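# Structural features, examined
Next come the chains, spelled out residue by residue.
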Amino acid sequence: MDTNGELRFDYGGQTPERLKRQISRLTGMTSAQMSRTAADALAPIGAHKAHFVVLAVLDEFGPASQAAIADRTRIYRSDLVAVLNDLADGGWIVRAPDPDDKRRNVITITGAGRERLAEIEAVLDGVNERIMAPLSGAERAQLFSLLGRVNAHLAQD
């Protein structure tokens, strides 16, 4: 699937009615389009959504171990190492030995990391606006609420 057209959910009479009733198909295809929109918007500044997630966690919750960051971000620990390497190479985080346990590192956001977080967040705010353009403010709030409820329900399984 290389184009947004290939990810379109409903082609009218060309789409079987059974497919039009599948919420998992609709949300999956919509999710793929939203992810691509975000990735395309972040590419010019050399950023990824995972950079935003990690920097946001560190900014809001403070220094943390890699394990704590993985738990808060839901980024697989093996994938997190590459994200942290990118962020460290950019000077946006620093790793330092944990004073309580020298076997692990504590990750801290830097001043440059806070600036980078703001830059990425501004891009993602534009992405949110593009994605939600056809919805009113009330519809946007309702969409978040409904999806949040469905997500919480499924998380109980």
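Provided above is the structure to which this section pertains.
Described in the following lines is the structure provided in the data block.

## Some thoughts on the overall build of the protein chain
Scanning the protein chain for helices and strands turns up seven helices and three strands. For the protein chain, the N- to C-terminal ordering of α and β elements is α-α-α-β-α-α-β-β-α-α. Its C-alpha atoms give the protein chain a radius of gyration of 19 Å, more than 25% over the compact-globule value 15 Å for 157 residues. Principal-axis analysis of the C-alpha atoms places the extent of the protein chain at approximately 65 × 40 × 30 Å. Within the protein chain, the fraction of its 157 residues that count as buried is 25%. Here the analysis covers contacts within the protein chain between residues at least 6 apart in sequence; of these, 47% occur between residues at least 24 apart. For the protein chain, the accessible area works out to roughly 10400 Å², and carbon and sulfur atoms hold 53% of it. The distance from the centre of the 19 positive side-chain charges to the centre of the 21 negative ones in the protein chain is 6 Å.

## Here's the deal with the side chain of serine 65
As for its placement among the helices and strands, serine 65 is situated in strand E1 (residues 64–65). Residues contacting serine 65, with those up to four places away along its chain left out, are Arg104 and Asn105.

## Re the pattern of salt bridges
Applying the stated rule across the entire model yields six salt bridges. With its nearest N and O atoms 2.9 Å apart, the salt bridge here joins arginine 114 to aspartate 59. With arginine 114 in helix H6 (residues 111–132) and aspartate 59 in helix H3 (residues 49–61), this pair connects stretches of sequence that are 55 residues apart. In this structure arginine 114 comes out as partly exposed when scored by relative accessible area, which is 42%. Using a relative accessible area of 36% as the deciding quantity, one classes aspartate 59 as partly exposed.

## With respect to the packing of aromatic side chains
By the definition in use, this model includes zero aromatic pairs. Sitting over the face of the ring of phenylalanine 61, arginine 72 holds its NZ or CZ atom 4.4 Å from the ring centroid.

## Thoughts on unusual backbone geometry
A positive phi angle is found at arginine 74, which is not glycine, with a value near 65 degrees. Within the element layout of this structure, arginine 74 appears in the loop between helix H4 (66–73) and helix H5 (77–89).

## Structural notes on the nonpolar core
Formed by 22 residues in total, the largest nonpolar core has its most connected members in Val54, Leu55, Leu58, Ile69, Leu80, Leu87 and Ile93. Elements with a contribution of two residues or more to this core: helix H2 (23–42), H3, H4, H5, strand E3 (101–109) and H6. For isoleucine 93, the residues in contact, after removing those within four places along its chain, are Leu55, Leu58, Leu84, Leu87, Ala88, Ile107, Thr108, Ile109 and Thr110.

Definitions and cut-offs
Residues numbered from 1 in each chain as written. Predicted model: local features only at pLDDT ≥ 70, side-chain atom pairs only at ≥ 80, totals over all residues. Heavy atoms only, no water. Helix = DSSP H or I, 4+ residues; strand = E, 2+ residues; numbered from the N terminus. Rg over C-alpha atoms; globule rule 2.2 N^0.38 Å. Buried < 20%, exposed > 50% of the residue type's maximum accessible area, 1.4 Å probe, protein only. Contact = heavy atoms within 4.5 Å. Areas by Shrake-Rupley, 256 points an atom, 1.4 Å probe, with all protein chains shown as cover. Lys, Arg positive; Asp, Glu negative; His and termini not counted. Charge placed at Lys NZ, Arg CZ, Asp CG, Glu CD. Salt bridge = Lys/Arg side-chain N within 4 Å of Asp/Glu carboxyl O. Phe/Tyr/Trp six-rings, centres within 6.5 Å; stacked < 30°, edge-to-face > 60°. Lys NZ or Arg CZ within 6 Å of the ring centre and 35° of its normal. Core = buried A, V, L, I, M, F, W, Y, C linked by side-chain atoms within 4.5 Å.

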